[in-house]
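Structural overview
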Amino acid sequence: MAERRHLLDVDDLDREDMERVLDTARSFSEVLHRPIKKVPSLRGKTVVNLFYESSTRTRMSFEVAAKRLSADVLNFNVSTSSVEKGESFKDTALTLEAMGVDAVVVRHPVAGAPWLLRQWLQAAILNAGDGMHAHPTQALLDLFTMQERLGELQGRTIAFVGDILHSRVARSGIKACRAMGMKVLAVAPPTLLPPVALEGVVTGSDLDDVIPHCDVLYMLRIQMERQKEGRFPSLEEYTRLYQLNMQRLGKARPQVVVMHPGPMNRGVEIAAEVADAPHAAITAQVSAGVAIRMAVLFLLLGGSEGGEKVA
Amino acid sequence: MAERRHLLDVDDLDREDMERVLDTARSFSEVLHRPIKKVPSLRGKTVVNLFYESSTRTRMSFEVAAKRLSADVLNFNVSTSSVEKGESFKDTALTLEAMGVDAVVVRHPVAGAPWLLRQWLQAAILNAGDGMHAHPTQALLDLFTMQERLGELQGRTIAFVGDILHSRVARSGIKACRAMGMKVLAVAPPTLLPPVALEGVVTGSDLDDVIPHCDVLYMLRIQMERQKEGRFPSLEEYTRLYQLNMQRLGKARPQVVVMHPGPMNRGVEIAAEVADAPHAAITAQVSAGVAIRMAVLFLLLGGSEGGEKVA
Amino acid sequence: MAERRHLLDVDDLDREDMERVLDTARSFSEVLHRPIKKVPSLRGKTVVNLFYESSTRTRMSFEVAAKRLSADVLNFNVSTSSVEKGESFKDTALTLEAMGVDAVVVRHPVAGAPWLLRQWLQAAILNAGDGMHAHPTQALLDLFTMQERLGELQGRTIAFVGDILHSRVARSGIKACRAMGMKVLAVAPPTLLPPVALEGVVTGSDLDDVIPHCDVLYMLRIQMERQKEGRFPSLEEYTRLYQLNMQRLGKARPQVVVMHPGPMNRGVEIAAEVADAPHAAITAQVSAGVAIRMAVLFLLLGGSEGGEKVA
């Protein structure tokens, strides 16, 4: 990844690249347990969070990561920006680059937007979620979290459960898990599954059938507005068939890892008791997010000469 | 306070603790007059401002305080956050903690919210105002300001004037003044006084009667919406009976200190001339706010080993 | 400028002052091409962006500039501030000063607002745009950009094209260009020209007539709402007569410099092809903005003792 300049999707990374990100994140994860949780690696670099969708959670994770590397951080949210005045995406991007930013962390409702930035800018582009398309740092932090809980991932089984069709978390996550040699299942009501089968993924609609065979149950967030679109009959019905509750958890393997990208709808896709159970790795995912984003920023912006600065 | 981890209300502090905060704030106050107004005490620490009510003034005061201690600061405002997506207060808090924050400065419209955070989190919790309940750093900065003007506070008399009933400023301020041995009066229309007498506080509704006996006149902000609730007859009436104007100031002790927590309604609870008179310590309160918040952050996050770093 | 404490309009600066700002900006411009784009000149200083109009572009430019000088930056936007609670401009300003800020960068819809701040505060005041009145850092960054492209400006010809009447960019820019010995033209529909002639400025309404004689074509942003006010007949008409398109550019001098303060309405005042042509210095203006704002902050806050710190 030393010679790579962007992180647009997990496809950009081969397995060796991924392992390098995960190893680097592991070093940074140790930094985060020190009293002074800060390293000077990216001093004098500027990272801009260019968010066309509001996401405090992801924006703050990148902000914390950049600050712990001693980078300066700028937040550019669309709602308060000149975008309202009709400036084009390209001109906004060129303006940021002209200010001398080194990395652009972009979230955009349109799939593919980060690839446009890559054409226009010299800065490193990090995709923080584009439409229903990709969310590569989420996929990497999920791998990190699974490795922490399970060790070796090769041959393990993960089920993504819920709105597979609209989920960039699932899309990037499935690619990443497959690249690490995992067996991937996708479980959802038929209307929330992709119309064309995903390569190498076993799909189904019966959660109870699948649970006993999984090492990881990855519960996706339900967007309430999908109900209005007629994607599922009712919240009660969805909850009855797809909520991970204590009863279902009781049928899983004893060491099963429960994951969720957040923010959770407690009582919808996941029961509150499950969210608080020891199987849940949900806050561990958040912590992993900071370490992974530090690793990616470090490798993209300062990696070549600075590997030893981590320690 | 070295062994304390939170500041939820002034009840948390005995008189010795308060003196320690005030002394530490006095040291930091000197730092603020240097050309380089910054000390490295909290380098590598992260402070999050978690504000469920907008308050630029208090948020900025904490932000300045944290930055002058070299901490990193994150601002988390509800209006732009995933709280909109229905995430619970608890999950938001756990997410922040999982990102590795060391202190959470919380403002919340619900009384008691900071006590919930204390149950859930390992981080230091600082209450920056909860409902009509408490606002301890305001009370401490008020003590600091009074000490600067009056020296010893024991035996001095303060009158809180205005909307005592709904005021967290008054509630915490009264406790703090009583703990320092001050005589406390509360003056308001009967409808803006608490239905049950406050312990050790003399209440009344005649401001003119009280003015000549006070060392401090603490004018509370009038919330215009209280009029609609029928809490006072009219703004004109309120102003006539309770505004601190030049005529009333003329009947006060020559060294009387006029205070207000801000933002002021000039011409309502305080006349513009009084706000600009030498008796007013209102901007001094703002300056004290930065020093007090530096002191509290320092004592909670870095106090034990770092006392000498202040100088 | 060492003895000056504010930058309110370009009138504050004589030609020697301007040259000093431009020279200092040139030094900082080199810093911005280093791997570590940061100097410690303003460590321990606090700069507040006090914005009563939203302008992500200008606010970010000042924020980047201050951070590259190692200052701390606070953003104070009206929409989320206690200004909503009715606090006066003066009290907001006094509050910021009491927090110990060293410089206030102010944008305000009312012409003259920064001059009020100068009366009230000890801090350095930088005008980031007041009403239709002045925008001095824009004028300085425009000079910087022209010098980079053209070298010596004395005797060069610039045409400001568009809504001269309502433009603070034009107002400050015209003064700055005249101070540097340039010949200044103003081209607009008669309804968008000032009713009283600007001193030393040749005004006209025929863009095609003017183009062949200019070294710089400065295209102003059209505010769409002016059409409703009856200031110009229709967008089509305006575009036909005043848009800088490729055909018009073909009649200009070969080395003509095309400028725009941003954000652009591509296809209105400027054709997309022109915005992307090599003549356009629009992103260069953005880069110059950071260097100029670093220079101004440095000279106002740290200039006397610190000139050598730049290098």
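Described in the following lines is the structure provided in the data block. Everything numeric in this text was worked out from a predicted model, so none of it was measured.

Further remarks concern helix α9 (residues 235–242) of chain A. Residue and element names in this part refer to chain A. Inspection of α9 places Tyr-238, Thr-239 and Tyr-242 among the buried residues, and these make up the whole buried set. The buried residues of α9 occupy an angular sector of 100° when the element is viewed end-on, so they sit on one face. Facing away from the buried side of α9 by more than 90 degrees, the exposed set consists of Glu-236 and Arg-240. Those residues of α9 hidden inside the fold are in contact with β5 (157–161), β6 (183–187), α7 (207–210), β8 (216–219) and α10 (246–249).

Here two copies of a chain appear, and what relates them is a rotation about an axis with a shift along it. Superposing chain B onto chain C requires a rotation of 120° together with a translation of 0.0 Å along the rotation axis, leaving an RMSD of 0.0 Å. On this basis, the relationship between the two copies can be described by a three-fold rotation axis.

With respect to the helices and strands, the residue Thr-95 of chain C is situated in helix α3 (residues 89–98). Judged by its relative accessible area of 9%, Thr-95 of chain C is buried. Ignoring any residue separated from it by four or fewer positions in sequence, one finds Thr-95 of chain C in contact with Arg-57 and Val-286 of chain B together with Glu-87 of chain C.

Turning next to the sheet that holds strand β3 (residues 103–108) of chain C. Residue and element names in this part refer to chain C. The 4 strands lie next to each other as β2-β1-β3-β4, forming an open sheet whose pairing is parallel. Both edges of this open sheet fall to β2 (72–77) and β4 (124–130), since each of them pairs with a single strand only. Adjacent strand axes in the sheet meet at a mean angle of 15° when their direction is disregarded. Where helix α12 (residues 282–301) meets the sheet, it contacts β1 (46–51), β3 and β4, and its direction lies at approximately 150° from that of β4.

Our focus in this paragraph is the nonpolar core. Within soluble globular proteins, side chains that are nonpolar tend to cluster in buried spots. Of all hydrophobic cores here, the largest spans 119 residues; its most connected members are Leu-297 of chain B together with Val-104 of chain C. Broken down by element, this core gets its largest block of residues, 14 residues, from helix α12 (residues 282–301) of chain B.

Moving on to unusual backbone geometry. In this structure, Pro-263 of chain B follows Gly-262 of chain B across a cis peptide bond, with omega equal to -10°. Structurally, the position occupied by Pro-263 of chain B is in the loop between β9 (257–259) and α11 (272–275). If you check the backbone angles, Ser-70 of chain A has positive phi at about 70° while not being a glycine. Residue placement: Ser-70 of chain A occurs in the loop between α2 (56–68) and β2 (72–77). Here Ser-70 of chain A falls in the buried class, since its relative accessible area comes to 14%.

A few words on the pairing of β2 of chain A. All names here are of chain A. For strand β1 (residues 46–51) and β2, the ladder comprises 6 bridges, and the chain directions are parallel. By the bridge assignment for β2, Leu-50 is matched with Phe-76. Traced from β1 through α2 to β2, the parallel crossover comes out right-handed.

Okay, the interface of chain B and chain C next. With 24 residues of chain B in contact, the opposing surface of chain C contributes 27 residues. Together, the buried faces of chain B and chain C total about 2300 Å²; carbon and sulfur atoms form 50% of this surface. It is Thr-56, Arg-57 and Met-60 of chain B that lose the most area in chain B upon contact with chain C, and together they represent 22% of the buried surface on that side. Viewed at the interface, chain C and chain B are joined by 3 salt bridges.

Okay, the packing of aromatic side chains next. In this structure the tally under the stated criterion is 15 aromatic pairs over all chains. When the centroid spacing of 5.0 Å and the interplanar angle of 35° are considered together, the rings of Phe-160 of chain C and Tyr-218 of chain C count as tilted. In this pair, Phe-160 of chain C sits in strand β5 (residues 157–161) while Tyr-218 of chain C sits in strand β8 (residues 216–219), placing the two residues 58 residues apart along the sequence. Judged by its relative accessible area of 1%, Phe-160 of chain C falls in the buried class. One aromatic cluster is present, built from ring pairs that chain together Tyr-52, Phe-89 and Trp-120 of chain A. Over the ring of Phe-62 of chain A we find Arg-293 of chain A, and its NZ or CZ is 4.9 Å from the ring centre.

Before going further, it helps to spend a moment on the interface of chain A and chain C. Tallying the contact residues gives 27 residues for chain A and 24 residues for chain C. Summed over both partners, the interface of chain A with chain C comes to about 2200 Å²; 50% of that surface belongs to carbon and sulfur atoms. The closest approach of N and O atoms between Asp-91 of chain A and Arg-266 of chain C, which form a salt bridge, is 2.7 Å. Linking chain A to chain C there are 10 residue pairs in polar contact (both at pLDDT 80 or more). Taken together, the elements giving at least two residues each to the side of chain A that touches chain C come down to β1, β2 and α3 (89–98) of chain A. The biggest single contributor to the side of chain A that touches chain C is α3 of chain A, with 6 residues. Class assignment for the residues of the side of chain A that touches chain C results in 9 nonpolar, 10 polar and 8 charged.

Residues and elements named next belong to chain B. If you trace the backbone, Asn-265 turns up in the loop between β9 and α11. Looking at Asn-265, the relative accessible area reads 7%, which means it is buried. A C-alpha to C-alpha distance of 9.2 Å links Asn-265 and Gln-223, two positions 42 residues apart in sequence.

Definitions and cut-offs
Residues numbered from 1 in each chain as written. Chains lettered and ligands numbered in written order. Predicted model: local features only at pLDDT ≥ 70, side-chain atom pairs only at ≥ 80, totals over all residues. Heavy atoms only, no water. Buried < 20%, exposed > 50% of the residue type's maximum accessible area, 1.4 Å probe, protein only. Helix = DSSP H or I, 4+ residues; strand = E, 2+ residues; numbered from the N terminus. Arc of directions from axis to C-beta. Contact = heavy atoms within 4.5 Å. Least-squares fit on C-alpha atoms with pLDDT ≥ 70 in both. Pairing = 2+ DSSP bridges. Axes fitted to C-alpha atoms, helices over the stretch in contact; angles between N-to-C directions. Core = buried A, V, L, I, M, F, W, Y, C linked by side-chain atoms within 4.5 Å. Right-handed = clockwise from strand over helix to strand, strands pointing away. Buried area = accessible area lost by both parts, 1.4 Å probe. Salt bridge = Lys/Arg side-chain N within 4 Å of Asp/Glu carboxyl O. Phe/Tyr/Trp six-rings, centres within 6.5 Å; stacked < 30°, edge-to-face > 60°. Lys NZ or Arg CZ within 6 Å of the ring centre and 35° of its normal. Polar contact = N/O pair within 3.5 Å; in protein donor to acceptor, adjacent residues only side chain to side chain. Nonpolar A, V, L, I, M, F, W, Y, C, P; charged D, E, K, R; others polar.

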